[in-house]
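Commentary on secondary and tertiary structure
Each chain is listed here by its residues.
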Amino acid sequence: MTVSERRRPTVPNYDLPNAAPEPLRRVQLFVNSIDREHEREWLPAWLEEQGLPASAFDRAVALREALRALLRVNNEGGTAPEARAHVNEAARDVRVELGPDVVTLEGADPLAAVTAIVLTTMLDGSWGRLKVCRNCRWAFYDTSKNRSGSWCSMQLCGNRLKTRAYRSRRKGAA
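Residues numbered from 1 in each chain as written. Predicted model: local features only at pLDDT ≥ 70, side-chain atom pairs only at ≥ 80, totals over all residues. Heavy atoms only, no water.

**Comments concerning the overall build of the protein chain**
For clarity, the threshold we go by: Strands are runs of DSSP state E lasting at least two residues, helices are runs of H or I lasting at least four, and both sets are numbered from the N terminus onward. Note on definitions: a residue-residue contact is assigned when non-hydrogen atoms from the two residues lie within 4.5 Å.
The helix and strand tally for the protein chain stands at seven helices and six strands. Traced from its N-terminal end to its C-terminal end, the protein chain shows the element sequence α-α-β-β-α-α-α-β-β-α-β-β-α. Long-range pairs, those at least 24 residues apart, make up 51% of the contacts in the protein chain with a sequence separation of at least 6.

If you want it as structure tokens, here you go:
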């Protein structure tokens, strides 16, 4: 085992069946840089991996949580105006490059690169498939034909929510 493998944080594989395709996968990994259920924060390791200083932590958290709010809108509806405003602000660090037949968006740093991916996928229509789970708030890619996926995993969160609803109904009936 190398030194970098020992320092790499253990990230759970909750999203294995619902991993987003590239480049959305990069956004998914960024949003999933915190495990709220077990109170684990992996963002400092992500920043280090990307070559960003620890001083970028607050900026990264703000972007991550704005993206999480937008992913919640993808799952549950709504508008999230504060999150949109934050991403609009972050978009100022994204460069627009005009090619012969294509326009590309590129980030000046890794956080701007994540923002560029978000903007590009919003334009190509794939953004709506990236959502956050209604239970654990983990980002997942909705592979259903009609884009109706609500949970990161039916075995984990779907089962938990359905069991909770069942017990609540049974308790109310008694």
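We are not done yet, so read on.
**Description of the pattern of salt bridges**
Test applied: The term salt bridge refers to a side-chain nitrogen of Lys or Arg lying within 4 Å of a carboxyl oxygen of Asp or Glu. Partly exposed residues are those whose accessible area sits between 20% and 50% of the maximum for their type, while under 20% is buried and over 50% is exposed, using a 1.4 Å probe and protein chains only.
This structure, assessed with the given rule, holds 13 salt bridges. Close ionic contact of Glu65 with Arg68 constitutes a salt bridge, the shortest N to O distance being 3.0 Å. Separated by three residues within a single helix, Glu65 and Arg68 lie in helix H4 (residues 57-76), roughly one turn from each other. Of the charged contacts in the structure, one is a salt bridge between Asp142 and Lys131, with a shortest N-O distance of 2.7 Å. Of this pair, Asp142 sits in the loop between strand E6 (139-141) and helix H7 (154-173) while Lys131 sits in strand E5 (residues 130-132), and the two are 11 residues apart along the sequence. Here Asp142 matches Lys131 in class, with each residue buried. Residues participating in the shared-partner salt-bridge network are Arg36, Glu41, Arg64, Glu65 and Arg68.

**Here's the deal with the packing of aromatic side chains**
Basically, it comes down to this: Here is the rule: rings of Phe, Tyr and Trp (six-membered ring for Trp) pair when centre to centre is within 6.5 Å. Planes less than 30 degrees apart are stacked, more than 60 are edge-to-face, and the remainder are tilted.
Applying the stated criterion across every chain, the model contains two aromatic pairs. With 4.8 Å between their ring centres and 50° between their planes, Phe30 and Trp46 make a pair best called tilted. Of this pair, Phe30 sits in helix H2 (residues 24-31) while Trp46 sits in helix H3 (residues 43-49), and the two are 16 residues apart along the sequence. Comparing Phe30 with Trp46 shows no difference in burial state: the two are buried.

**Focus: the side chain of Ser33**
Worth spelling out the cut-off: Counting of polar contacts relies on pairs of N or O atoms within 3.5 Å, with two restrictions inside protein: one atom must be capable of donating a hydrogen and the other of accepting it, and residues adjacent in sequence are counted only when both atoms are side-chain atoms.
Position of Ser33 among the secondary structure elements: in the loop between H2 and strand E1 (34-35). From its side chain, Ser33 meets the backbone oxygen of Phe30 in a polar contact 2.7 Å long. Apart from the residues lying within four places of it in its own chain, the contact partners of Ser33 are Arg40, Glu41, Trp42, Leu43 and Arg64.

**Section: the pairing of strand E3 (residues 94-98)**
Successive side chains on a regular strand alternate, one facing one side of the sheet and the next facing the other. Note the cut-off: Note on pairing: DSSP must find at least two bridges between two strands before they are called paired.
Sheet topology note: the E3/strand E4 (residues 103-107) ladder contains five bridges and is antiparallel. Along E4, the bridge assignment pairs Val96 with Leu105.

**Here's the deal with the nonpolar core**
This is how it is decided: The set of buried Ala, Val, Leu, Ile, Met, Phe, Trp, Tyr and Cys residues whose side-chain atoms join them within 4.5 Å is what this entry labels a nonpolar core.
Counting residues in hydrophobic clusters, the biggest one holds 28 residues, and the most contacted among them are Val27, Phe30, Trp46, Leu67 and Trp127. The set of elements that each furnish at least two residues to this core consists of H2, H3, H4, helix H5 (81-90), helix H6 (110-124), E5 and E6. Sort the elements by how many residues they give to this core and H4 lands first, with six residues. Here Trp46 is in contact with Phe30, Leu52, Pro110, Leu111 and Val114, once residues within four sequence places are set aside. Among the nonpolar cores identified, the runner-up in size contains six residues, and Trp42, Cys133, Cys152 and Cys157 belong to it.

**Side note on unusual backbone geometry**
Put simply, Glu22 and Pro23 share a cis peptide bond, and its omega is 0°. Locating Pro23 in the fold gives a position in the loop between helix H1 (3-7) and H2. Positive phi is not limited to glycine here, since Ala80 has a value of about 50°. Within the element layout of this structure, Ala80 appears in the loop between H4 and H5. With relative accessibility at 21%, the residue Ala80 sits in the partly exposed group. Of note in this structure, Arg137 is not a glycine but carries a positive phi near 70°. Checked against the element boundaries, Arg137 lands in the loop between E5 and E6.

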